[in-house]
Amino acid sequence: MDTARISIQDQEVDCPVTVGTEDEVAFDISKLRNTTGAITLDPGYANTGSCESGITFIDGEKGILRYRGYSIEDLAEHSSFLDVAYLLIYGELPTRDELDAFNLEITRHSLLHEDMKKFFEGYPASAPPMSVLSTIVSSLSAYYPSGNSDEEVNLNIIRLIAKLNTIAAFSYKKSIGQPYIYPRNDLSYAADFLHMMFAVPSEEYEVNDLIVRTLDMLLILHADHEQNCSTSTVRMVGSSGADLFSSISAGIGALSGPLHGGANTEVINMLEMIRQDGSNFQKYVAKAKDKNDPFRLMGFGHRVYKNFDPRARVIKKTADEVLGQLGIDDPLLDLAKQLERIALEDDYFRERGLYPNVDFYSGILYRAMGIPTNMFTVMFALGRLPGWIAQWVEMKNDPKTRINRPRQVYTGYNHREYIQIGRRANQN
Ligand code: ACO
């Protein structure tokens, strides 16, 4: 199968077929408009490949997720977050020396320019942490100019990974009115984040190894997910030639929405609401099925996964283990499990392939670590950063990249005669 033939009225066009390394088939319609005058229409891009990519593979039917060929389950069990960040960005798992050098670079760049603290001070305490994260990342381009050489780009990549940890923790400290806690070079990425979040100047802060390992695993599970909404945003903004910081800042904005990364916050709000309403699961399952009711089961459903989300499976198992080891009895964990069971017994959810996604159980783990609900999506952004970076670099280096510029089917007025103001109907 080399070509796919499209017929439109009396015209025919042969579209070259591309087959990916996992036998995914696509036909290239890039000549369609020039040949026939027609375009394709695919709202939400559910059938449209925007690029060829060698970073992440998902088989939504089989519940497979791999970064650079490695299964998410293996990476979550055996790797550290910086290991995985290196893999995504540079294409291979690092050797011990490469990882040590990468770690050292990251720790050396974790401080923020002191002037940047003024930005945090300008925000109200109630500012949504994702807004703060997005704007401060955007303002990094004012401090670190965007050179185009590989070396300059790489330096900004290191800076961004190092500083996002600090920016995220500072935004939390600002929101609760505590002094900022500076990064420590002797701690791992995840441990340093917890230290900057929870240490106070008057007390020694002890990092809990179990919590560090759990956080590291959560960051790994979120690290990339091919052409999702925020990643496509990063690539789209970058396709204009915009710098790394501006592109990632836009991605953070896209992630904040409740249908994307913001769902992890909404899941906890929903579970709390159901609990306070007497754990009446049937009522909320019925509301989720009612097309006249805007309520949806948050943390359920996915554009790509139609059987199960492998990340959700790992997180659910880990939530059981970690809460048990920490001696935490969170009623929301039982409630989430019951809701999942009742929903999955229902034909509505089964027929539509709606299963718990990554966001359904992650909030329960974040709660167990003491991370407040309004920071959950920031945690997602921290994890997703290496994926965004890897995708941005791939886009930048791909000779096939053109500025992203979709077309549209216009449905507005045809040409109308201009009428001077005062002569228009209903005006004095
Ligand atoms: N609760 C109830 N019904 C749902 C849900 C849900 N959570 N999700 C989808 N459906 C229904 C839709 O109403 C639709 O039904 P219909 O065919 O009768 O019209 C059908 O399932 C397909 O749903 P779409 O919205 O068309 O699916 P899409 O792929 O566009 O959306 C999405 C995927 C946004 C994830 C959706 O499932 C959803 O809103 N889920 C809740 C929010 C959420 O958890 N988002 C996080 C996703 S993971 C991530 O981004 C990290």
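A brief report on the enclosed structure follows. In this text the structure is predicted, and so the values were computed from the model without any measurement.

A few points about the state of the cysteines
Thinking step 1. Taken as a whole, this structure holds zero disulfides when the rule is applied.
Thinking step 2. In this model Cys15 remains outside any disulfide bridge; the closest cysteine sulfur is found in Cys51, 18 Å from its own.
Thinking step 3. Here Cys51 stays unpaired: no disulfide links it, and the sulfur of Cys229, its closest cysteine neighbor, is 14 Å away.

Considerations on the packing of helix 15 (residues 331-344) against helix 17 (residues 358-368)
Each pair of packed helices gets described by two things: the angle between the helix axes and the distance between those axes.
Thinking step 1. Packing of helix 15 against helix 17 leaves a shortest axis separation of 10 Å and a crossing angle of 175 degrees. In this view, helix 15 runs roughly antiparallel relative to helix 17, as classed from their interaxial angle. Touching Leu332, Leu333, Ala336, Lys337, Leu339 and Glu340 of helix 15 are Phe360, Tyr361, Ile364 and Arg367, all from helix 17.
Thinking step 2. Taken together, the residues that form the contact of helix 15 with helix 17 break down as seven nonpolar, no polar and three charged.

A look at the packing of helix 6 (residues 129-143) against helix 18 (residues 376-397)
Thinking step 1. Relative to each other, helix 6 and helix 18 sit at 35 degrees, their axes nearing to 8 Å. Residues Pro129, Met130 and Leu133 of helix 6 form the contact with helix 18, whose own contacting residues are Thr377, Val378 and Ala381.
Thinking step 2. The residue makeup of the contact of helix 6 with helix 18, split by class, is five nonpolar, one polar and no charged.

Overview of the site of the ligand
Thinking step 1. Near the ligand you find 20 residues, and of these His260, Arg296, Leu297, Gly299 and Arg303 are the closest.
Thinking step 2. Within the side chain of Arg296, one N or O atom sits 2.7 Å away from an oxygen atom of the ligand.
Thinking step 3. Here a nitrogen atom of the ligand sits 2.8 Å away from a polar atom, N or O, in the main chain of Phe300.
Thinking step 4. Contact with the protein chains removes 75% of the 930 Å² of surface that the ligand exposes when unbound.
Thinking step 5. The residue inventory of the shell around the ligand, partitioned by class, reads ten nonpolar, five polar and five charged.

Comments concerning the sheet that holds strand 1 (residues 3-8)
By way of backbone hydrogen bonds, the strands of a sheet pair with one another, either parallel or antiparallel.
Thinking step 1. Taken in spatial order, the three strands line up as 1-2-3 in an open sheet, and their pairing is antiparallel. Two strands bound the open sheet, and with one partner strand each, they are strand 1 and strand 3 (25-27). Between one strand axis and the next, the sheet turns through 30 degrees on average, direction left out of account.

Description of the nonpolar core
Thinking step 1. Membership of the largest hydrophobic core comes to 118 residues, with the highest contact counts inside it found for Ile161, Phe193, Ile248 and Ile389.
Thinking step 2. With 13 residues, the top contributor of residues to this core is helix 18.
Thinking step 3. Two domains each put at least three residues into this core: domain 2 (73-256) and domain 3 (263-369).
Thinking step 4. Beyond its immediate chain neighbours, meaning those up to four positions away, Ile161 contacts Leu82, Ile89, Phe102, Ile106, Tyr189, Leu385 and Ile389.

Digging into unusual backbone geometry
Thinking step 1. Located in the positive-phi region is Glu226, a residue other than glycine, with phi close to 40 degrees.
Thinking step 2. Residue placement: Glu226 occurs in the loop between helix 9 (209-221) and helix 10 (229-239).
Thinking step 3. With a phi close to 50 degrees, Ser279 is a non-glycine residue in the positive phi region.
Thinking step 4. The residue Ser279 is located in the loop between helix 12 (263-276) and helix 13 (281-289) in this model.

Let's talk about the sheet that holds strand 5 (residues 64-67)
Thinking step 1. The strand order across the open sheet built from three strands is 4-5-6, with neighbouring strands paired in antiparallel fashion. On the outer flanks of this sheet lie strand 4 (56-59) and strand 6 (70-71), each paired with one strand and no other.

Brief notes about the side chain of Asp330
Thinking step 1. Within the secondary structure, Asp330 is located in the loop between helix 14 (310-326) and helix 15.
Thinking step 2. Classification of Asp330 by relative accessible area gives buried; the value is 8%.
Thinking step 3. Contacts of Asp330, omitting those with residues within four sequence positions, involve Leu323, Ile364 and Arg367.

What counts and what doesn't
Each chain has its residues counted from 1, running along the sequence as written. Local features are withheld for residues below a pLDDT of 70 in this predicted model, meaning they are given only at 70 or higher, and side-chain atom pairs are given and counted only at 80 or more; totals for whole chains, interfaces and linings count all residues. Calculated side-chain values reflect all of the structure's heavy atoms, with hydrogen atoms and water omitted. We call a pair of cysteine sulfur atoms a disulfide when they lie within 2.5 Å. For helices, the fitted axis covers only the stretch in contact; all axes are lines through C-alpha atoms, and the angles between them, taken along N-to-C directions, range from 0 to 180 degrees. We count a stretch as a helix when DSSP gives it H or I for four or more residues in a row; a strand needs E for two or more, and each element gets its number in order from the N terminus. When describing relative orientation, an angle under 35 degrees is termed roughly parallel and one over 145 degrees roughly antiparallel, while 65 to 115 degrees is termed roughly perpendicular and anything else oblique. Here, two residues are considered to be in contact whenever any of their heavy atoms come within 4.5 Å of each other. Following the grouping adopted for this structure description, the nonpolar residues are Ala, Val, Leu, Ile, Met, Phe, Trp, Tyr, Cys and Pro, the charged ones are Asp, Glu, Lys and Arg, and the polar ones are all others, Gly among them. Neighbouring residues are identified by heavy atoms, a residue being near a molecule or strand if any of them is within 4 Å of it. In protein, a polar contact means a hydrogen-donor-capable atom and an acceptor-capable atom, both N or O and within 3.5 Å, with residues adjacent in sequence counting only if both atoms are side-chain atoms; elsewhere, any N or O pair within 3.5 Å suffices. Only the protein chains shown count as cover for residues, and all accessible areas are computed by the Shrake-Rupley method using a 1.4 Å probe. Two strands qualify as a pair provided that DSSP identifies no fewer than 2 bridges between them. Throughout this description, the term nonpolar core refers to a set of buried Ala, Val, Leu, Ile, Met, Phe, Trp, Tyr and Cys residues connected via side-chain atoms within 4.5 Å. Think of it in three bands: with a 1.4 Å probe and only protein chains considered, a residue is buried below 20% of the maximum accessible area for its type, exposed above 50%, and partly exposed in between. Domain extents, as shown, originate in an automatic or database domain assignment.

The values are spatial; any link to function lies outside them.
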